[in-house]
Amino acid sequence: MKNPRLWGKVLYGLAGVCAVALIMPQFRLQIWENSQQTYLYMWGGHAKVHASVAGSIYLIAALWGVAAVAGLFLAGRKLHQHSPTAIAWMNWAAFFIAMELIFLLTAAEEVLTDLRVMQLQADSFASWGSWTSFTVLFILLFLPSRIKKWCFKPNE
């Protein structure tokens, strides 16, 4: 458990998982009147239901997601160098993932608002991409303190 290189590889793995989550469907939209289902991706998908979402929302969410991947990669690299700044990078990555999820949720709510204006009943459900990012976020809520305890002495 006290091997920083092992934990660095775990963080590289989490960075890879976050990178894959960026291309997965983020939300599933269900329109109840016509039983239509469609997905929101990081690059859009709202046009299939004739909704409008500013491209800047997707761009900002994607930038937060890329920042999370970079933060996890840097944290893994810092752990390989046995640097305690890896803990800070893990915390930053958790923040970046949270911001990514907030902007994706904003996009989904924009679509639902447009559908309500069209007098359609619809719901959005988290899909694989957002669940994957949320799982990594949940792991990052507990992992930094454990790694700090296992790999770094209090005076480092």
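Predicted, not measured: the structure shown is a model, and the values here were computed from it.

*Asks:* What am I meant to see in the packing of helix 1 (residues 4-21) against helix 4 (residues 128-151) here?
*Replies:* In helix packing, the relevant descriptors are the interaxial angle and the interaxial distance, both defined with respect to the helix axes. One way to put it is that helix 1 packs onto helix 4 with a least axis distance of 10 Å and a crossing angle of 165 degrees. Accordingly, the angle class assigned to the pair helix 1 and helix 4 is roughly antiparallel. Our pair here, helix 1 against helix 4, has a crossing hand that is left-handed. Counted together, Pro4, Trp7, Leu11, Leu14, Val17, Cys18 and Ala21 of helix 1 and Gly129, Thr132, Ser133, Val136, Ile139, Leu143, Ile147, Trp150 and Cys151 of helix 4 form the full contact between these two elements. Among the residues forming the contact of helix 1 with helix 4, the class breakdown is 13 nonpolar, 3 polar and no charged.

*Asks:* Would you mind going over the sheet that holds strand 3 (residues 122-126) with me for this structure?
*Replies:* In sheet architecture, strand pairing relies on hydrogen bonds along the backbone and comes in two forms, parallel and antiparallel. Across the sheet, 3 strands lie side by side as 2-1-3; this open sheet has antiparallel pairing. A single partner strand is all that each edge strand has here, and the edge strands are strand 2 (36-40) and strand 3. The sheet shows a mean angle of 25 degrees between the axes of neighbouring strands, taken without regard to direction. Packed onto the sheet, helix 3 (residues 85-117) meets strand 1 (27-31), strand 2 and strand 3 and runs at close to 10 degrees relative to strand 1.

*Asks:* Sorry if this is basic, but what is going on with the pairing of strand 2 here?
*Replies:* Along any regular strand, the residues point their side chains to alternate faces of the sheet. Where strand 1 and strand 2 come together, 5 bridges link them in antiparallel fashion. Bridging from a neighbouring strand, Phe27 pairs with Leu40 of strand 2. The hairpin turn running from strand 1 into strand 2, its antiparallel successor, is 4 residues long, and Ser35 in that turn takes a positive phi close to 55 degrees.

*Asks:* Help me understand the packing of aromatic side chains in this model?
*Replies:* Ring pairs (aromatic) are described by centroid distance and by the angle formed between their planes. A full pass over the atoms with the stated rule returns 10 aromatic pairs. Taking 4.8 Å as the distance between ring centres and 10 degrees as the angle between the ring planes, the aromatic pair formed by Tyr41 and Trp43 counts as stacked. A relative accessible area of 23% means that Tyr41 is categorised as partly exposed. Where Phe138 meets Phe142, the ring centres are 5.3 Å apart and the plane angle is 70 degrees; that geometry is what we call edge-to-face. Placement of the pair is Phe138 and Phe142 together in helix 4, with a separation of 4 residues, close to one helical turn. Judged by relative accessible area, Phe138 falls into the partly exposed class, the value being 44%. Among the aromatic side chains, those forming a connected cluster through ring pairs are Trp64, Trp92, Phe95 and Phe96.

Analysis parameters
Residues numbered from 1 in each chain as written. Predicted model: local features only at pLDDT ≥ 70, side-chain atom pairs only at ≥ 80, totals over all residues. Heavy atoms only, no water. Axes fitted to C-alpha atoms, helices over the stretch in contact; angles between N-to-C directions. Helix = DSSP H or I, 4+ residues; strand = E, 2+ residues; numbered from the N terminus. Parallel < 35°, antiparallel > 145°, perpendicular 65-115°, else oblique. Left-handed = near helix turned anticlockwise from the far one by under 90°. Contact = heavy atoms within 4.5 Å. Nonpolar A, V, L, I, M, F, W, Y, C, P; charged D, E, K, R; others polar. Pairing = 2+ DSSP bridges. Phe/Tyr/Trp six-rings, centres within 6.5 Å; stacked < 30°, edge-to-face > 60°. Buried < 20%, exposed > 50% of the residue type's maximum accessible area, 1.4 Å probe, protein only.

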